[in-house]
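# Chain and residue survey
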Amino acid sequence: MEIPGDIDAVLKRILSTSRPALPVAKDERSVLAAEDEAYLGSLVNAIRTGRRAVLIVEDADERLRYMFSNASPPEAVAMLGKVTEATGRRIAENDI
């Protein structure tokens, strides 16, 4: 078994992943199912621990809002390419 050299860093990472992800305000209602809320929370926690991310939201007026987190624009474009490729494979294999 390996023992980490910086135990403080390990403890900080463990504690950071246990934070609640995105609390919904009391006067707002989420349209997401409980399992989708949990999945979104796990993604936000991954971003908080330093994982690269691209977040895209389409507003009501069809304008896109987006954010690259922990990634440069070229890394974000590469990530989007991976998503497109993986989705194409799943469609071809009738997984979707």
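Predicted, not measured: the structure shown is a model, and the values here were computed from it.

### Concerning the packing of aromatic side chains
All told, the structure shown has one aromatic pair when counted by the stated rule. A centroid spacing of 5.8 Å and a plane angle of 35° characterise the contact between Y66 and F68, whose relative ring orientation is tilted.

### Things to note about the confidence of the model for the protein chain
A low pLDDT score tells you not to read the predicted coordinates there in detail. Per-residue pLDDT for the protein chain has a mean of 84; in total, 76% of the residues score no lower than 70. Helix α1 (residues 7-17) is the least confidently modelled element of the protein chain, averaging 65 in pLDDT, while helix α3 (residues 73-92) averages 94, the highest of any element.

### Overview of the pairing of strand β1 (residues 53-58)
The side chains of a regular strand alternate, residue by residue, between the two faces of the sheet. The pairing of β1 with strand β2 (residues 64-69) spans six bridges and is antiparallel. Across the sheet, the residue bridging to V54 is F68, located in β2. Counting the residues between successive antiparallel strands, the hairpin from β1 to β2 contains five residues, one of them, E62, with a positive phi of roughly 70°.

### Quick notes on a nonpolar patch on the surface
A contiguous nonpolar surface patch, about 500 Å² in accessible area, is contributed by V31, L32, Y39, L40 and L43. Considering the arrangement of structural elements, one finds L43 in helix α2 (residues 34-48). For L43, a relative accessible area of 39% translates into the label partly exposed.

About the criteria used
- Residues numbered from 1 in each chain as written.
- Predicted model: local features only at pLDDT ≥ 70, side-chain atom pairs only at ≥ 80, totals over all residues.
- Heavy atoms only, no water.
- Phe/Tyr/Trp six-rings, centres within 6.5 Å; stacked < 30°, edge-to-face > 60°.
- pLDDT = per-residue confidence, 0-100.
- Helix = DSSP H or I, 4+ residues; strand = E, 2+ residues; numbered from the N terminus.
- Pairing = 2+ DSSP bridges.
- Patch = residues over 30% accessible without salt bridge, like charges linked within 9 Å, V, L, I, M, F, W, Y side chains within 5 Å.
- Areas by Shrake-Rupley, 256 points an atom, 1.4 Å probe, with all protein chains shown as cover.
- Salt bridge = Lys/Arg side-chain N within 4 Å of Asp/Glu carboxyl O.
- Buried < 20%, exposed > 50% of the residue type's maximum accessible area, 1.4 Å probe, protein only.

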